[in-house]
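Observations on the three-dimensional arrangement
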Amino acid sequence: MNKLYGIISKKNINDLTINKELFDDQNKYQSLNCLLLTSENKPFIKYDCQNKYIIIFNGELLNKDALKCKLRTLGYQFKTDLDEEVIINAYIYYKENCFNYFQGHYSIIIYTSNKMIIARDKLGIKPLFYSTNEDYFVTSNKISHLLDSKIIKPIVDDDGLRELFTLSPCYTPGRTPFRDIKMVKPGEYISYDDGLISKHTYYKLPIYVYNKSYNEAQNELKELVNKSINKLIKDKNDYGSLLSGGIDSSIISLLVNENKKIDTYFLEYNNNDKYFESNMFQRSLDRKYGDLMARYLNTNHKILNISEKDLFKYLIDSLKARDLPGMGDIDSSLYWLLSNIKNEYIFTGECSDELFGGYPWYYRDKDKSLLPWLRNIDFRQNLLKDEYKYLNIHEYLKNSYNELIKDYEEVNIDNSENKRWRKLTYINIYSFMQQLLYRQEMMANANNIKALSPFIDIEIVEFAYNIPYQYKYQNNTEKAILKDAYKNDLPKEITNRIKNPYPKTFSPIYEEMVNNKINELLNDPKSIINMFFKKEMILELINDKNKKIPYYGQLMTNTQFLAYLIQFEEWVKIYNIEFIINKR
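What comes next concerns the included structure. Note that this is a predicted model, so its numbers are computed, not measured. (Residues numbered from 1 in each chain as written. Predicted model: local features only at pLDDT ≥ 70, side-chain atom pairs only at ≥ 80, totals over all residues. Heavy atoms only, no water.)

1. What to know about the overall build of the chain
So the rule is basically this: Each helix is a run of H or I in the DSSP string that is no shorter than four residues. Each strand is a run of E no shorter than two, and both are numbered from the N terminus. Any two residues whose heavy atoms approach within 4.5 Å at even a single point are treated as in contact. All accessible areas in this document rest on Shrake-Rupley with a 1.4 Å probe, and a residue is counted as covered only by the protein chains that are shown.
In terms of helices and strands, the chain carries 23 helices and 21 strands. Across its three principal axes, the chain shows a C-alpha extent of roughly 70 × 60 × 50 Å. Pairs at least 24 residues apart make up 71% of the contacts formed inside the chain by residues separated by at least 6 positions. By element, 44% of the accessible surface of the chain is carried by carbon and sulfur atoms, the whole surface being about 23400 Å².

What follows is the structure in C-alpha cells.
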C-alpha cells in the first residue's frame with residue numbers, strides 16, 4: 001500500500017507540531033500551508049495554465065488506457081504511464097466530475113490553489129480518513145498515520161463508545177470510534193477550501209428493471225466475472241489465489257489458473273479435524289473441498305496450518321494492522337495466512353456473499369433485526385455496567401441504521417420480497433461488506449501483499465443489485481445464479497455444496513489461551529474491560545459451553561468475542577486512548 005498523508009492549514013505548516021519522520025523526505029511535497037507525504041511514489045506535480053496541481057494516490061485505475069485515449073482526443077499529452085498523470089489530467093478537464101469517470105480501487109488526494117480534494121472509490125475498497133478543526137484539514141489512508149503525526153489526539157467520547165459497543169467491528173458510515181477522525185464514504189469526495197468543507201456523493205447504485213431470463217443472466221454474470229479478472233490481472237505476473245473449496249474461491253481460482261499454473265493457498269486450523277462441531281453456519285470442514293479443487297485445477301497447492309499459539313499471538317498484529325479492535329482470531333488467522341504468502345498479488349472470493357445472497361439472513365427466518373449480523377443487541381446492552389446504560393445502544397443502533405439507509409431509494413418496480421432483498425443487499429454493501437473489505441485490505445497491506453477481489457467490480461455489483469431475488473435463491477439454494485452459471489465448469493461437489501463462511505478454530509487449546517488471558521484481565525482492577533463490562537457476564541461467557549447466537553456475523557461466538565475484548569484492551573493501551581465521556 002502506498003501510504004498517504006496530506007495536510008492543508010491556515011497557518012504556516014512549519015508552525016504545526018507534525019511528526020514529519022513518518023515517511024522518507026524524498027516522497028514529499030511542501031509549501032507554506034500544505035504538506036503531502038507518500039511511502040512509495042513521489043507526489044505527482046503538473047503545471048497547467050499557470051496553475052499547479054499535485055496528487056498522491058493509492059490503488060489502481062482499471063480504465064486508465066481508455067481514459068488516456070479520451071483525454072488525448074481533448075488535447076492532453078502524457079509523459080508517463082502513471083495512474084496519477086491520467087487522474088490529474090482528468091481533474092484539470094472535468095474538475096470534480098472526473099471521479100465519475102474512474103473505475104478501479106483508489107484513494108486520491110489532490111492539492112491545487114490552496115484547495116484540497118480527497119476521494120474514495122465508488123465501492124469503498126480503499127480506505128481514506130480525515131480530521132479537521134479551525135486551523136487545518138488532514139487526511140490519510142491509515143488511522144495510525146493521523147495519530148502518529150501528533151496533531152490529533154486519540155480521543156473516544158460517548159458516541160465513540162456507542163460505535164464500539166453497538167456496532168463494532170462495523171461502524172456507522174463515515175464514522176470511526178475516534179471523536180476527531182472520520183472516514184470518507186464509498187463514492188464520496190470532500191473538498192477543503194479556505195476553511196470550508198463540502199462533501200459530495202458522486203456515485204449511487206443505479207436501479208433498473210432487469211428483463212433478461214435466468215439463463216441469459218447466468219451468461220452475463222460469467223462475462224462480467226471474466227471481464228473483471230482480465231482487468232485485474234493485466235500487467236501482473238506474480239499472483240496466487242486463496243482456495244477454500246467454496247464456490248467463490250473455486251470460481252476465481254478456476255479463471256485465474258487459465259492464464260498460468262498458479263499457487264493456491266488453503267488455511268487449516270490446528271486440531272480442527274479433532275474438535276470441529278457442525279452448526280447452522282458452518283456445516284462442514286473445508287479441507288476435502290479445497291483438496292478436490294486443487295487436484296481439479298492442478299495448481300501449486302499449499303496447505304498452511306496455523307497453530308493455536310500463532311492464532312493467539314497474531315491477535316495484536318492484526319489489531320495494529322486495523323488500528324481498531326476487529327474480529328479477534330478471524331482477523332489474526334487472515335493476517336497469519338497472508339504473512340506466509342510470497343506472491344505480490346493474491347486473488348480472493350471476497351464480497352460474493354453480500355452480492356448474491358450467501359448469508360442466512362437473506363433467506364433463513366427473515367430476521368427482523370435492523371442489521372441482521374447484529375442479532376444480540378440485548379446481550380451487548382446487558383454486558384455494560386449500569387453506569388454506562390445511558391449510552392442506550394438500542395437507540396444508537398436505530399440512529400446508525402437511519403444514517404446507513406438515508407440515501408437508499410425504494411422503487412415501485414419491486415414486489416415485496418424483491419424490495420426486501422434489494423434493501424438487504426444495499427445495507428450489506430454499505431455496512432457489512434465495508435468491514436470485510438477493510439479487514440482484507442489492512443491485513444494484506446501489513447504483509448506487503450495486494451489483495452484482488454474480482455467480485456467487487458462496479459459492473460458486477462450493479463448487476464447483482466438489480467437482478468430479481470429469485471435468481472439468487474432458486475430451489476431453496478443460496479447463491480443459485482452463481483452455482484448454476486459455473487455448474488459445467490466445476491465439480492458437482494463444489495456447486496452442490498451448502499455455503500460455509502470463512503473458517504474459524506474449534507480448538508479447546510486456543511479457547512483456553514483466550515480464557516486465561518480474560519481471567520487475567522478480570523483479576524486486574526485497572527483493566528479496561530473491568531472499567532466497562534460486568535465481570536459476572538464475561539465469566540458466564542467463559543463457562544458457557546452452548547456457544548450462543550453469534551455476537552457478530554456468523555463466526556463471532558463466545559471465544560471470538562472474548563478475543564475481541566483482548567483486542568479492545570490492548571487497543572486502548574497501544575493507542576493511548578483518552579476517554580472523554582459523560583459518565584452518569
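2. A look at the packing of aromatic side chains
Worth spelling out the cut-off: What counts as a ring pair is set by centres within 6.5 Å for rings of Phe, Tyr and Trp (its six-membered ring), and what kind of pair is set by the plane angle: stacked under 30 degrees, edge-to-face over 60, tilted for all other angles.
Per the stated rule, a full pass over the model turns up 40 aromatic pairs. Between Phe533 and Phe568, the ring centres sit 6.2 Å apart and the planes meet at 65 degrees, which makes this aromatic pair edge-to-face. Of the two residues, Phe533 is situated in the loop between helix 21 (528-532) and helix 22 (535-543) and Phe568 in helix 23 (residues 558-574); the sequence distance between them amounts to 35 residues. Among the aromatic residues, ring-to-ring pairing joins Phe165, Phe178, Tyr388, Phe532, Phe533, Phe568, Trp571 and Phe579 into one connected group.

3. Thoughts on the sheet that holds strand 14 (residues 239-242)
Picture the strands of a sheet paired through backbone hydrogen bonds; they go either parallel or antiparallel. The condition that has to hold: Strands are labelled as partners when DSSP assigns at least two bridges between them. Think of each axis as a best-fit line through the C-alpha atoms, taken over the contacting stretch in the case of a helix, with angles from 0 to 180 degrees between the N-to-C directions.
Overall, parallel pairing links the five strands, which are arranged 16-15-14-17-18 in an open sheet. The open sheet has two free edges, formed respectively by strand 16 (300-306) and strand 18 (450-452), since each of these has just one partner strand. Adjacent strand axes in the sheet meet at a mean angle of 30 degrees when their direction is disregarded. By the bridge criterion, three bridges tie strand 17 (residues 345-347) to strand 18 in an arrangement that is parallel. For Tyr345, the partnering residue across the bridge sits in strand 18 and is Lys450. Docked against the sheet, helix 6 (residues 247-256) engages strand 14, strand 15 (263-269) and strand 17, running at close to 155 degrees with respect to strand 14. Its contacts with the sheet place helix 10 (residues 329-339) against strand 14, strand 15, strand 16 and strand 17, and it is angled at close to 135 degrees to strand 16.

4. Description of unusual backbone geometry
Worth spelling out the cut-off: Each residue is placed in one exposure class: buried if its accessible area under a 1.4 Å probe, protein chains only, is under 20% of its type's maximum, exposed if it is over 50%, and partly exposed if it falls in between.
Here Ser168 and Pro169 are connected by a cis peptide whose omega angle stands at 10 degrees. Even without being a glycine, Asp194 presents a positive backbone phi close to 55 degrees. Taking the relative accessible area as the measure of exposure, Asp194 reaches 66% and is therefore exposed.

5. A word on the nonpolar core
Stated formally: Among buried residues, the Ala, Val, Leu, Ile, Met, Phe, Trp, Tyr and Cys ones that are joined through side-chain atoms within 4.5 Å form a nonpolar core.
Ile7, Phe102, Phe356, Ile518, Phe533, Phe568 and Trp571 are the most contacted members of the largest nonpolar core, which has 189 residues in total. By residue number, the principal contributor to this core is helix 15 (residues 416-446), which donates 14 residues. Beyond its immediate sequence surroundings of up to four residues, Phe533 is in contact with Phe165, Leu383, Leu384, Lys385, Ile538, Leu565 and Phe568. Ranked by size, the runner-up nonpolar core spans 17 residues in total, among them Cys34, Leu36, Tyr111 and Met116.

6. What to know about the side chain of Ser191
Let me state the cut-off plainly: In protein, a polar contact means a hydrogen-donor-capable atom and an acceptor-capable atom, both N or O and within 3.5 Å, with residues adjacent in sequence counting only if both atoms are side-chain atoms; elsewhere, any N or O pair within 3.5 Å suffices.
Examined against the element boundaries, Ser191 turns out to sit in strand 12 (residues 188-193). Within the local environment of Ser191, its side chain forms a polar contact with the side chain of Ser198, the two groups lying 2.6 Å apart. Beyond its immediate stretch of four places on either side in the chain, Ser191 contacts Lys115, Met116, Ile117, Leu196, Ile197, Ser198 and His200.

7. Points about helix 23
What counts here: By this rule the span expected of a helix is its residue count minus one, scaled by 1.5 Å.
Its 17 residues give helix 23 an end-to-end C-alpha distance of 24 Å, which sits within 8% of 24 Å, the value for a rise of 1.5 Å per residue. The element helix 23 is largely enclosed, with a buried count of 15 among its 17 residues. Just past helix 23, the residue Asn576 takes up positive phi, approximately 50 degrees.

8. Observations regarding the packing of helix 1 (residues 64-73) against helix 2 (residues 83-94)
Definition in use: In this scheme, roughly parallel covers angles under 35 degrees and roughly antiparallel covers those over 145, while 65 to 115 is roughly perpendicular and the rest are oblique. By convention, the crossing between two helices is left-handed when the near helix turns anticlockwise from the far helix through less than a right angle, and right-handed when the turn is clockwise. Here the nonpolar group is Ala, Val, Leu, Ile, Met, Phe, Trp, Tyr, Cys and Pro; Asp, Glu, Lys and Arg are the charged ones; every other residue, Gly included, is treated as polar.
Running from N to C, helix 1 and helix 2 point in directions that differ by 45 degrees, and their axes come no closer than 10 Å. By the criterion of interaxial angle, the relationship of helix 1 to helix 2 is oblique. The hand of the helix 1/helix 2 crossing is left-handed. Taking contact as the criterion, the partners of Lys64, Leu67, Lys68, Lys70 and Leu71 in helix 1 are, on helix 2, Asp83, Val86, Asn89, Ala90 and Tyr94. Here the contact of helix 1 with helix 2 is built from residues that sort into five nonpolar, one polar and four charged.

9. Brief notes about the pairing of strand 4 (residues 44-48)
Residues in a regular strand point their side chains to alternate faces of the sheet. In this sheet, strand 5 (residues 51-61) lies alongside strand 4 in antiparallel orientation, the contact comprising five bridges. The partner of Phe44 across the bridge, within strand 5, is Ile55. Between strand 4 and the antiparallel strand that follows it, strand 5, lie two residues; Cys49 among them carries a positive phi value of about 50 degrees.

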